[in-house]
Amino acid sequence: MIRTIGRRVIFLLLSSLISLLFVSGSVFGIEPPSPAAYGVRMEQAWIPMKDGVRLAATLYMPDGAESREKFPALLEYLPYRKDDGTAAGDYPKHAYFARRGYVSVRVDIRGFGASEGAPPEREYSEQEQVDGERVIWWLAHQGWSNGNVGMFGISWGGFNSLQMAMRHAPGLKAILAIDATAELFHDDVHYVDGIAHIDEFELNMDMAEGWTGAPEYTTDEKVLGPRFETPPWSLLYLKHQHDGPFWRERVRPLKEITIPSFLIGGLLDGYRDNVTDMLMQASGPVKAIAGPWNHTYPNEAEPGPQIEWRNEAVRWFDHWLKGRDTGVERDPRLVIYMQHWHAPDPSLANVPGEWRREDVWPPKDVRASTLFFQPNHLLAESASQVDTHQLKYVPSIGVEAGFWWGELLSDVRPVDAFSLVYDSAPLQEDVAILGRPHALLRASATAPLADWFARLSDVAPDGTVTQITGAGINGAQRDSMSEPRDLEPGRVYPLDIEMHLTSWVFPKGHRIRVAISNALWPMMLPTPYSMTTTLELGGGAGSRIVLPVVPEHGVVPPAFSPPEPSEQRTDLKSEGFPWPGEWTVERDEARHRTTVHWKGQESGEYPWGKEIDYENLTYDADDAHPETCSVRGEAETVFTLKGRTLTWRGHLLVTTDQKNFYYKYARELLKDGAMVKSKTWLETIARDHQ
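Just so it is clear, the structure is predicted and the values come from calculations on it, not from any experiment.

## Notes on the overall build of the protein
Item 1. On a plain count of helices and strands, the protein comes out with eleven helices and 33 strands.
Item 2. In terms of C-alpha radius of gyration, the protein reaches 27 Å, essentially the compact-globule figure of 26 Å for 690 residues.
Item 3. With the C-alpha coordinates aligned to their principal axes, the bounding extent of the protein is approximately 90 × 75 × 40 Å.
Item 4. In the protein, which comprises 690 residues, the share counted as buried stands at 60%.
Item 5. Look at the contacts in the protein between residues 6 or more apart in sequence, and 74% of them connect residues 24 or more apart.
Item 6. When the accessible area of the protein is evaluated, it comes to approximately 27,200 Å², of which 53% is carbon and sulfur surface.
Item 7. One way to put it: in the protein the 68 positive side-chain charges average out to a point 5 Å from where the 95 negative ones average out.

Pasting the structure below:
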């Protein structure tokens with residue numbers, strides 16, 4: 001009896017030990033991520049390009065390393081001026097990685113910030129990518145390097161991480177792309193959903209092309225001239241109004257990405273669809289996280305919940321660049337946040353919901369649930385009798401639905417009031433969706449050009465409407481984004497509007513709402529014809545919505561770490577950020593005119609002086625004359641330096657009639673209030689199915 005009990009105790013102790021080892025990963029050799037074992041030392045370096053131009057780099061070095069230690073490099077490659085524009089935000093990221101045994105490197109692209117040369121003719125230019133390959137080669141061949149390079153970044157830095165992976169840059173072994181996409185025409189900020197879009201980015205970049213680098217901000221014509229004379233990128237983009245070689249030659253198919261890729265996206269970010277596209281199409285290993293965030297890092301996200309991403313990045317790069325088994329190959333392929341209902345609130349601190357893991361995409365347990373539009377404006381599971389609904393085009397509606405497909409919004413009923421709206425009956429149970437809903441329309445217009453927008457919302461019992469997702473389609477691009485064709489007035493076309501990635505739980509007693517409109521301004525510029533559009537209802541092919549329904553609760557993933565304290569530089573300070581800024585709307589009901597005013601501001605303090613940035617946009621629309629709309633933008637950056645004040649200004653004006661865009665951009669530089677340099681671009685550009 002005593003011997004039996006003893007054996008049982010030993011067995012239980014061994015079982016507990018095995019369980020502990022299993023949890024810690026030791027049985028399988030899983031190693032914890034690299035600890036913060038080093039100090040941080042910042043070094044400035046020049047990286048020579050093949051044509052003799054030098055790119056400026058800041059290297060965040062692991063301080064206190066032994067002379068023979070070798071480290072991987074992590075590259076962030078941007079135009080946003082490492083010595084002033086992003087300096088405050090760069091340090092918490094790059095110092096974190098340096099302390100954990102990486103040489104973390106921030107490089108200004110050619111013609112921006114401290115780098116030499118003139119700006120390329122566009123974003124993601126061939127020159128930028130060729131230079132990027134050279135930077136990666138240089139990093140892989142430094143004396144401190146172990147030969148392995150990773151890339152990471154948010155937005156632009158995520159875009160070119162994907163692009164360098166597509167080019168199979170030698171030495172590049174893994175990437176981490178945050179809030180990024182490879183769809184430069186359909187998804188980026190110039191043509192959202194293939195429809196013309198103008199926002200704060202154009203103001204910022206068109207003026208920034210003319211700046212010189214900190215801390216000198218030289219006005220020497222040899223440096224200033226080539227930058228200041230560079231044509232504004234927004235002019236170039238307005239000349240390429242549909243998909244094709246101009247947009248496609250910068251990227252390759254996602255299947256070309258064969259190296260390991262870690263993606264982080266936000267369900268309130270305009271680039272979120274790339275996360276699931278990569279899961280389905282990339283050839284290399286993919287790991288992804290999608291939280292309820294806008295265009296921001298997850299540890300700083302508003303709304304939350306916030307999570308720490310830098311430790312996940314270290315686990316990722318440790319595995320692929322240091323050869324340490326941190327278990328990332330056994331991680332969920334996708335961890336995504338299932339959003340629960342919340343009232344519309346632009347100031348929401350945290351989105352209610354829960355994390356779930358999905359190891360295949362689309363989710364293995366997803367089912368398509370079809371709801372048909374009914375003549376009485378309900379949604380139902382069965383097709384209705386044949387009917388038609390008409391909608392008068394009102395160009396100025398949409399501001400309450402946002403400035404791009406994301407962000408927290410107020411109640412969207414003001415937009416719904418000018419849309420065709422279809423509601424389900426009150427739900428008898430909770431309904432969860434995860435994926436990309438499809439609005440399948442049969443539609444016609446009385447004009448040769450029309451856009452259609454479909455928005456999915458949650459209607460609470462008290463009538464409150466929370467927008468969940470949506471998308472638009474340019475009717476001329478119904479068959480091809482690269483070969484747009486006029487609509488034949490009165491002809492019915494099948495349209496598939498694939499909405500942007502979302503998750504949501506509709507509570508019992510709420511209604512599902514689909515709203516269809518032909519304008520979503522100022523997110524999209526209006527089409528130029530007065531018209532009426534028609535939806536066909538009824539029968540199996542009648543207008544309907546297909547929802548990706550999943551079980552409400554999924555498999556629970558490992559918990560994320562909460563945000564860690566971030567190291568900050570004490571020699572500089574940054575406040576504010578232009579986006580999302582503030583906006584107001586004015587409506588002149590007698591004249592059928594509407595104006596939206598937007599403004600944003602930020603500032604910085606540096607050892608050599610102060611910077612303050614102002615931006616504003618004014619959008620005008622005329623419901624009686626949809627061919628006449630305008631966008632006016634003003635940007636100003638003031639550098640207060642020792643013994644002088646430099647002011648860069650940019651003035652953008654885009655107006656329209658039925659046939660043309662009329663473009664004007666002026667760039668100015670003032671010293672102590674006196675004009676030093678100015679240049680204006682003025683062009684008429686034919687509308688090409690926009």
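## A few points about the packing of aromatic side chains
Item 1. The tally for this structure, following the rule as stated, stands at 33 aromatic pairs.
Item 2. Look at Y297 and W309: their rings are 5.0 Å apart centre to centre, the planes differ by 15 degrees, and that puts the pair in the stacked class. Here Y297 is found in the loop between strand 10 (286-291) and helix 10 (310-322), whereas its partner W309 is found in the loop between strand 10 and helix 10, with twelve residues between them in sequence.
Item 3. Taking the relative accessible area as the measure of exposure, Y297 reaches 8% and is therefore buried.
Item 4. Members of the aromatic cluster, each reached through a chain of ring pairs, are Y80, F112, Y124, W156, F159, W233, Y271 and W404.
Item 5. It is R122 that lies over the ring of F246; its NZ or CZ is 3.9 Å from the centre.
Item 6. Lying across the ring of Y493, R478 places its NZ or CZ 4.4 Å from the centre.

## Focus: the packing of helix 2 (residues 87-99) against helix 10
Item 1. The interhelical angle for the contact between helix 2 and helix 10, taken along N-to-C directions, is 40 degrees, at an axis separation of 11 Å. Judged by the angle between their axes, helix 2 and helix 10 are oblique. With respect to the hand of their crossing, helix 2 and helix 10 are arranged in right-handed fashion. Across the interface between the two elements, P92, K93, Y96 and F97 from helix 2 touch R310, N311, A313 and V314 from helix 10.

## Quick look at the pairing of strand 21 (residues 493-498)
Item 1. Side chains Y493, L495 and I497 of strand 21 all project onto a buried face; the interleaved residues P494, D496 and E498 project onto a face where none is buried.
Item 2. With six bridges joining them, strand 18 (residues 438-445) and strand 21 adopt antiparallel strand pairing. Counterpart to A443 in the pairing with strand 21 is Y493.

## Looking at helix 5 (residues 200-208)
Item 1. Of all nine residues making up helix 5, eight are buried, and the element is well covered by its neighbours.
Item 2. Along helix 5, the residues classified as buried are E200, F201, E202, L203, M205, D206, M207 and A208.
Item 3. Looking at where helix 5 begins, the residue whose side-chain oxygen comes 2.9 Å from the main-chain nitrogen of F201 is D199.

## A word on helix 2
Note: α-helices contain 3.6 residues per turn, so residues at a spacing of three or four share the same orientation.
Item 1. In a regular helix each residue adds 1.5 Å, so 13 residues correspond to 18 Å; helix 2 covers 18 Å between its end C-alpha atoms and thus fits that length.
Item 2. Burial analysis of helix 2 places ten of its 13 residues in the buried class, the great majority of the element.
Item 3. For helix 2, the full list of buried residues reads A87, D90, Y91, P92, K93, H94, A95, Y96, F97 and A98.
Item 4. Those residues of helix 2 that are buried lie in contact with strand 1 (39-48), strand 2 (54-63), strand 3 (71-78), strand 4 (103-108), strand 5 (145-154) and helix 10.
Item 5. Just beyond helix 2, the residue with positive phi is G101, at close to 90 degrees.

## Considering the packing of helix 3 (residues 126-140) against helix 4 (residues 156-166)
Each pair of packed helices can be summarised by the angle the axes make with each other and by the distance between the axes.
Item 1. The geometry of helix 3 relative to helix 4 is characterised by a closest axis approach of 11 Å and an angle of 80 degrees between their N-to-C directions. As far as their axial angle goes, helix 4 and helix 3 are roughly perpendicular. Residues E128, Q129, G132, E133 and I136 of helix 3 pack against W156, N160, Q163 and M164 of helix 4.
Item 2. Its residues assigned to classes, the contact of helix 3 with helix 4 comprises three nonpolar, four polar and two charged.

## Some thoughts on the confidence of the model for the protein
Item 1. Of all residues in the protein, 96% attain a pLDDT of 70 or more, and the chain-wide mean is 94.
Item 2. Note that residues 1-27 has pLDDT below 50 and, in this model, six contacts with residues that lie over four places away or in other chains.

## Quick look at the pattern of salt bridges
Item 1. Enumeration according to the criterion identifies 52 salt bridges in this entry.
Item 2. The partner of D63 in a salt bridge is R41, and the shortest N-O contact between them spans 2.8 Å. In this pair, D63 sits in strand 2 while R41 sits in strand 1, placing the two residues 22 residues apart along the sequence.
Item 3. A residue is classified by how much of its surface remains accessible, and R41, at 31% relative accessible area, is partly exposed.
Item 4. Notably, a salt bridge pairs D90 with K93, separated by 3.9 Å at the nearest N-O pair.

## Comments concerning unusual backbone geometry
Item 1. In this model, A214 is joined to P215 through a cis peptide bond whose omega is -5 degrees.
Item 2. With respect to the element layout, P215 can be found in the loop between helix 5 and helix 6 (221-228).
Item 3. A cis geometry characterises the amide bond from W361 onward to P362, with omega recorded as 0 degrees.
Item 4. Turning to its location among the elements, P362 is positioned in the loop between strand 12 (353-358) and strand 13 (367-373).
Item 5. Of note in the backbone geometry, D179 takes a positive phi value of approximately 50 degrees without being a glycine.
Item 6. With respect to the element layout, D179 can be found in the loop between strand 6 (172-178) and strand 7 (191-192).

## A short note on the environment of V360
Item 1. Summarising the element assignment, V360 is placed in the loop between strand 12 and strand 13.
Item 2. Look at V360 and you get partly exposed, because its relative accessible area is 43%.
Item 3. Along the primary structure V360 and L55 are separated by 305 residues, whereas in three dimensions their C-alpha atoms are 41 Å apart.

The rules behind the values
Residues numbered from 1 in each chain as written. Predicted model: local features only at pLDDT ≥ 70, side-chain atom pairs only at ≥ 80, totals over all residues. Heavy atoms only, no water. Helix = DSSP H or I, 4+ residues; strand = E, 2+ residues; numbered from the N terminus. Rg over C-alpha atoms; globule rule 2.2 N^0.38 Å. Buried < 20%, exposed > 50% of the residue type's maximum accessible area, 1.4 Å probe, protein only. Contact = heavy atoms within 4.5 Å. Areas by Shrake-Rupley, 256 points an atom, 1.4 Å probe, with all protein chains shown as cover. Lys, Arg positive; Asp, Glu negative; His and termini not counted. Charge placed at Lys NZ, Arg CZ, Asp CG, Glu CD. Phe/Tyr/Trp six-rings, centres within 6.5 Å; stacked < 30°, edge-to-face > 60°. Lys NZ or Arg CZ within 6 Å of the ring centre and 35° of its normal. Axes fitted to C-alpha atoms, helices over the stretch in contact; angles between N-to-C directions. Parallel < 35°, antiparallel > 145°, perpendicular 65-115°, else oblique. Left-handed = near helix turned anticlockwise from the far one by under 90°. Pairing = 2+ DSSP bridges. Polar contact = N/O pair within 3.5 Å; in protein donor to acceptor, adjacent residues only side chain to side chain. Expected span 1.5 Å × (residues − 1). Nonpolar A, V, L, I, M, F, W, Y, C, P; charged D, E, K, R; others polar. pLDDT = per-residue confidence, 0-100. Salt bridge = Lys/Arg side-chain N within 4 Å of Asp/Glu carboxyl O.

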